[in-house]
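Read off the chains here:
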Amino acid sequence: MTRALLVIDVQREYFDGALPISYPAGHLDTILSVMDDAAKAGVPTAVIRHHQVDPDSPIFRLNSETWQLLPEVEERPRDILIDKTLPGSFTGTNLTEWLKQVGADTVSIAGYMTHMCCDTTARQAFHQGYKVEFLSDATGTLTVENSAGIATAEQLQQSTLVAQQMFISEVISSDKWRARIAHS
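Residues numbered from 1 in each chain as written. Predicted model: local features only at pLDDT ≥ 70, side-chain atom pairs only at ≥ 80, totals over all residues. Heavy atoms only, no water.

On to the overall build of the chain, then. The helix and strand inventory of the chain stands at six helices and eight strands. Of the regular secondary structure in the chain, the N- to C-terminal order runs β-α-β-α-β-α-β-α-β-β-β-α-β-α. Its C-alpha atoms give the chain a radius of gyration of 15 Å, within 12% of the compact-globule value 16 Å for 184 residues. Across its three principal directions, the C-alpha atoms of the chain cover 45 × 30 × 30 Å. Counting all 184 residues of the chain, 51% fall into the buried class. When contacts within the chain are restricted to residue pairs at least 6 apart in sequence, those whose partners lie at least 24 apart make up 78%. In the structure as shown, the chain presents an accessible area of about 8400 Å², 52% of it carried by carbon and sulfur atoms. Of the side chains in the chain, 14 bear a positive and 23 a negative charge, and the two mean positions are spaced by 6 Å. (Helix = DSSP H or I, 4+ residues; strand = E, 2+ residues; numbered from the N terminus. Rg over C-alpha atoms; globule rule 2.2 N^0.38 Å. Buried < 20%, exposed > 50% of the residue type's maximum accessible area, 1.4 Å probe, protein only. Contact = heavy atoms within 4.5 Å. Areas by Shrake-Rupley, 256 points an atom, 1.4 Å probe, with all protein chains shown as cover. Lys, Arg positive; Asp, Glu negative; His and termini not counted. Charge placed at Lys NZ, Arg CZ, Asp CG, Glu CD.)

Together, V162, M166 and F167 give the surface a local cluster of nonpolar side chains, amounting to about 390 Å² of exposed area. Within the fold, F167 resides in helix α5 (residues 153-168). The class of F167 is exposed, set by a relative accessible area of 62%. (Patch = residues over 30% accessible without salt bridge, like charges linked within 9 Å, V, L, I, M, F, W, Y side chains within 5 Å. Salt bridge = Lys/Arg side-chain N within 4 Å of Asp/Glu carboxyl O.)

Each pair of packed helices can be summarised by the angle the axes make with each other and by the distance between the axes. Between helix α1 (residues 27-41) and helix α6 (residues 174-182), the shortest axis-to-axis distance is 10 Å and the interhelical angle comes to 5°. With respect to α6, the element α1 is oriented roughly parallel. Packed against α1, whose contacting residues are T30, S33, V34, D37, A38 and A41, the element α6 presents S174, W177, R178 and I181 at the interface. Partitioning the contact of α1 with α6 into residue classes produces five nonpolar, three polar and two charged. (Axes fitted to C-alpha atoms, helices over the stretch in contact; angles between N-to-C directions. Parallel < 35°, antiparallel > 145°, perpendicular 65-115°, else oblique. Nonpolar A, V, L, I, M, F, W, Y, C, P; charged D, E, K, R; others polar.)

Attention now goes to the sheet that holds strand β4 (residues 106-112). Reading across the sheet, the six strands line up as β3-β2-β1-β4-β5-β8 and stay open at both edges, with parallel pairing between neighbours. The sheet is open, and its two edges are formed by β3 (80-84) and β8 (170-172), each paired on a single side. Taken pair by pair, the neighbouring strands of this sheet meet at an average axis angle of 25°, ignoring direction. With six bridges connecting them, β4 and strand β5 (residues 131-140) associate as parallel partners. Residue pairing across strands places I109 opposite F134, the latter belonging to β5. Running over the sheet, helix α4 (residues 114-127) touches β1 (3-8), β3, β4 and β5 and is turned about 170° from β5. (Pairing = 2+ DSSP bridges.)

Summed over all chains, the structure comprises 13 salt bridges. Where R3 meets E133, a salt bridge forms, and the shortest distance between an N and an O atom there is 2.8 Å. Note that R3 is positioned in strand β1 and E133 in strand β5, a separation of 130 residues in sequence. Judged by relative accessible area, R3 falls into the buried class, the value being 6%. In this structure, a network of salt bridges that share partners links the residues R3, K131, E133, E170 and R180.

What characterises a pair of aromatic rings is the spacing of the ring centres plus the angle enclosed by the ring planes. Tallying each qualifying case throughout the model produces five aromatic pairs. Ring centres of Y14 and F60 lie 5.3 Å apart, and the angle between their planes is 65°; on these two criteria the pair is classed as edge-to-face. Taken together, the residues span a long stretch of sequence, with Y14 in the loop between β1 and α1 and F60 in the loop between β2 (45-50) and α2 (71-74) at a distance of 46 residues. In this pair, the class of Y14 matches that of F60, namely buried. (Phe/Tyr/Trp six-rings, centres within 6.5 Å; stacked < 30°, edge-to-face > 60°.)

Shown next as C-alpha cells:
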C-alpha cells in the first residue's frame, strides 16, 4: 500500500473568517501532527487550497487574507500545493496526475470541512479506485443553520463519518493512522 496525505483547505477562513471550525476539540493540532508524521515517514503530502471563482465572494476570495493557508500549514513540508474552486479536490485540478506520479493507491483525508470538501474528495477518490482513510480527528466542522434546518458541528461530524464508513472510506483515528505509517 502506498498512501498519500491530502490536507484539505486548512485556511484562515476557518479561523479568522466567516466559518470558524469548532469541532472536534484539538482538530488543528491533530492535523499539524499528522502532517509532521507524514513528513517523517516519507508519506507524500498534498496541501489543497480553495478559492471562489467570483472575485467579489465574501468567503475564500482569491488572494484575500482569509484565503491564505494557516501559517502553521504553510511552513510545513509538502510535496505539492493544489488550488481548487469546487468542494471536490479532484475536479479541475492535477490531483489525479500527482497521485499517479507518487504511485499512491490510498489517500488519507485530513482538513476541512468534514461534511463538505473532505466528504466530496473522499467520494471522488473512491470513485476513481483509491482506498480512502478518513482521519476522524484530523477533520473538522462547525454548526450549520440554513433554510433546511440546523445541524450542530457534532451532528455533522458524526453523521458524515458514519456515512463514510458505510461504503466509501475506512474511518480511523490519527493514532491508528500513525501506527500504520510507522509499519509501512
